[in-house]
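Listed below, chain by chain, are the residues.
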Amino acid sequence: MTDEKPGFFVRLFFLSWVAWLRTLFDADFAAGVARLRRGLLPAETKPAEEKKEAPPPKPVVLKEPTPDAALQLLGILQREGRFVDFLEEDVSGFSDADVGAAARVVHDGCRKALHEHFDLEPIRAEEEGTKVTIPEGFDAAAIRLTGNVVGEPPFTGSLQHKGWRIVKVELPKLTEEHEVTVVTPAEVEL
């Protein structure tokens, strides 16, 4: 805020005419003028000693992701289930039976890797399709509301997916020399 004093024409035009008309037709503006006449700042509604301050908002801290663990996991899924090979293969020319057979091998290997390195638990215990009530104050990171979301909680709807939460991670330690960007090395048979 600046302490500059307005010039004569600003005072004549704005303060005398515009402010007068706005005070006449804008109740909020008129309330601000009334507060100024009582010696309060425009944003104040009570004297400073009675004013209750809201706590400052919690700052949002963005963590810079490091790709090492993600690349390590991708390498594990490739080693155990040939995951990258499966995704990079153009399966449009294969029959559904061939794709299904390949998917079974990838599924078994990736599932083994997942259970070897992660402990998972469902977020919701109910069966999918069950009617559930989501209370006020629910964890928005753990529950995503979809469909026609209007009003305030509690919300009642049908559980579409129970969700998963990782409760334990055990990835192998890596040496400093380990190159995580090599998901799987090329193989050359001699």
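Residues numbered from 1 in each chain as written. Predicted model: local features only at pLDDT ≥ 70, side-chain atom pairs only at ≥ 80, totals over all residues. Heavy atoms only, no water.

Quick notes on the pattern of salt bridges
With the rule as written, the count across this model stands at six salt bridges. Arg82 is the salt-bridge partner of Asp85, the closest N and O atoms lying 2.9 Å from each other. For Asp85, a relative accessible area of 33% corresponds to the partly exposed category. Overall, the relative accessible area of 44% leaves Arg82 in the partly exposed class. Residues joined by salt bridges that share partners form a network here, namely Arg79, Glu80 and Lys112. (Salt bridge = Lys/Arg side-chain N within 4 Å of Asp/Glu carboxyl O. Buried < 20%, exposed > 50% of the residue type's maximum accessible area, 1.4 Å probe, protein only.)

Section: unusual backbone geometry
The bulk of non-glycine residues show a negative phi, and the bulk of peptide bonds are trans. Cis geometry is adopted by the peptide bond preceding Pro154, which originates at Pro153 and carries an omega value of 10 degrees. Along the chain, the position of Pro154 falls in the loop between β2 (131–134) and β3 (155–158). A positive phi is found at Arg82, a non-glycine position, where the angle reads about 55 degrees. Structurally, Arg82 is set in the loop between α3 (68–81) and α4 (83–88). (Helix = DSSP H or I, 4+ residues; strand = E, 2+ residues; numbered from the N terminus.)

Let's talk about the packing of α3 against helix α5 (residues 96–117)
Interhelical geometry of α3 versus α5 gives an angle of 135 degrees and a closest axis separation of 7 Å. Classified by the interaxial angle, the pair formed by α3 and α5 is oblique. The hand of the α3/α5 crossing is right-handed. For the pair formed by α3 and α5, the contact residues are Ile76, Leu77, Glu80 and Gly81 on the first element and Val106, Gly109, Cys110, Lys112, Ala113 and His117 on the second. Looking at side-chain class alone, the contact of α3 with α5 contains five nonpolar, three polar and two charged residues. (Axes fitted to C-alpha atoms, helices over the stretch in contact; angles between N-to-C directions. Parallel < 35°, antiparallel > 145°, perpendicular 65-115°, else oblique. Left-handed = near helix turned anticlockwise from the far one by under 90°. Contact = heavy atoms within 4.5 Å. Nonpolar A, V, L, I, M, F, W, Y, C, P; charged D, E, K, R; others polar.)

Worth remembering: the numbers are spatial, not functional.
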